[in-house]
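# Coordinate analysis (summary)
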Amino acid sequence: KLQLHYFGRMYFIERLLPLLRQSSTGGKVLTILSAGFHKPYEKFREDFELKTNYSLSNAANSAGMYIDLCLEAFAKQPENLRVAFIHAAPGGVSTNWGKDLPTPLPTLIKIFKPFLRTLDDCGEAMSDSLLRDIPSGVHFIEQDGNPTKKMAMADYEEAQQFVWQETHKLFNQALSKK
């Protein structure tokens, strides 16, 4: 889960940034996961990759937390001062998720479908953040494109440095195995 929800996204962003820096407007990065809705993963220092503390909750919280921290680290780099980094939360979206779960879960999920957004509505709202004139830096937005709260964490700056360093250590390890 972390490979898809966090590591893959950050590696892609890192590879995309040289092109965005060449843009006359600086460019924008949008990643959609859980802005403002996740909690800090408290054991990130001891178990960064969730090797011993894996659960769906820890995977969701760590991915959201790591994205927040890494986007902030990208934004602080002098060469990225003209780039806008956006972490968005899509809210409830009506998809095929859950149809293969054991009974009665698919039935329960169907009950909530009328209260969920369509894929088209979600896509329009999320892509709107790329079309608006927003300043560089980091932005956390909710499902309607409005700003949402930044994750509250006591040692945010220290955690940011740790996550940035661990992420790049793992990138380097993975790339050296090629």
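Numbering of residues begins from 1 in every chain and follows the order in which that chain's sequence is written. Where totals are concerned, whole chains, interfaces and linings use all residues; where local detail is concerned, this predicted model gives features only for residues with pLDDT of at least 70, and gives and counts side-chain atom pairs only at 80 or more. Only hydrogens and water are removed before side-chain values are computed, so all heavy atoms of the structure are retained for them.

### Some points on the nonpolar core
Rules: Here, nonpolar core means buried Ala, Val, Leu, Ile, Met, Phe, Trp, Tyr and Cys residues that are tied together by side-chain atoms lying within 4.5 Å of each other. Whether a residue is buried, partly exposed or exposed follows from its accessible area with a 1.4 Å probe, protein chains only, as a fraction of its type maximum: under 20%, in between, or over 50%, in that order. For helices the rule is a DSSP run of H or I covering at least 4 residues; for strands it is a run of E covering at least 2, with both sets numbered from the N terminus onward. Here, residues are in contact when the closest pair of their heavy atoms is within 4.5 Å.
With 36 residues, the main nonpolar core has Y6, M10, Y66, F74 and F85 as its most contacted residues. Those elements giving two or more residues to this core turn out to be helix 1 (2-22), helix 2 (56-76) and helix 5 (156-176). When residues of this core are assigned to their parent elements, the largest contribution, eleven residues, is made by helix 2. The residues touching F74, leaving out its near neighbours within four places in the chain, are M10, I13, E14, L17, N80, F85 and W164. In this structure, A88, C122, I134 and I141 belong to the second largest nonpolar core, which totals nine residues.

### Observations regarding the side chain of H38
Operational definition: Counted as a polar contact is a pair of N or O atoms within 3.5 Å, where, for protein atoms, one must be capable of donating a hydrogen and the other of accepting one, and residues adjacent in sequence contribute only when both atoms are in side chains.
Position of H38 among the secondary structure elements: in the loop between strand 1 (28-32) and helix 2. Accessibility expressed as a relative area gives 9% for H38, which makes it buried. At 3.2 Å, the side chain of H38 forms a polar contact with the backbone oxygen of G64. Within the structure, H38 has its side chain in polar contact with the backbone nitrogen of M65 (distance 3.5 Å). Sequence-distant contacts of H38, that is, excluding residues within four places in its chain, are made with A60, N61, G64, M65, D68, H87 and M151.

### Here's the deal with the packing of aromatic side chains
For any two aromatic rings, the description comes down to two numbers: the centre-to-centre distance and the angle of the planes. Heads up, the condition is: Stacked, edge-to-face and tilted are the three classes for Phe, Tyr and Trp ring pairs, Trp counted by its six-membered ring, which pair at centre distances within 6.5 Å; planes under 30 degrees apart are stacked, over 60 edge-to-face, the rest tilted.
As enumerated under the stated definition, the model contains ten aromatic pairs in all. Here F7 and F48 contribute two aromatic rings whose centre-to-centre distance is 6.1 Å and whose plane-to-plane angle is 70°, an arrangement assigned as edge-to-face. Within this pair, whereas F7 is found in helix 1, its partner F48 is found in the loop between strand 1 and helix 2, the two being separated by 41 residues in sequence. For the pair F7 and F48, a shared accessibility class is recorded, and that class is buried. When the ring of F48 is compared with that of F162, the centres are 6.1 Å apart and the planes differ by 75°; the resulting orientation is edge-to-face. You can see F48 sitting in the loop between strand 1 and helix 2 and its partner F162 sitting in helix 5, a full 114 residues away along the chain. Under the relative-accessibility criterion, F48 is labelled buried at 6%.

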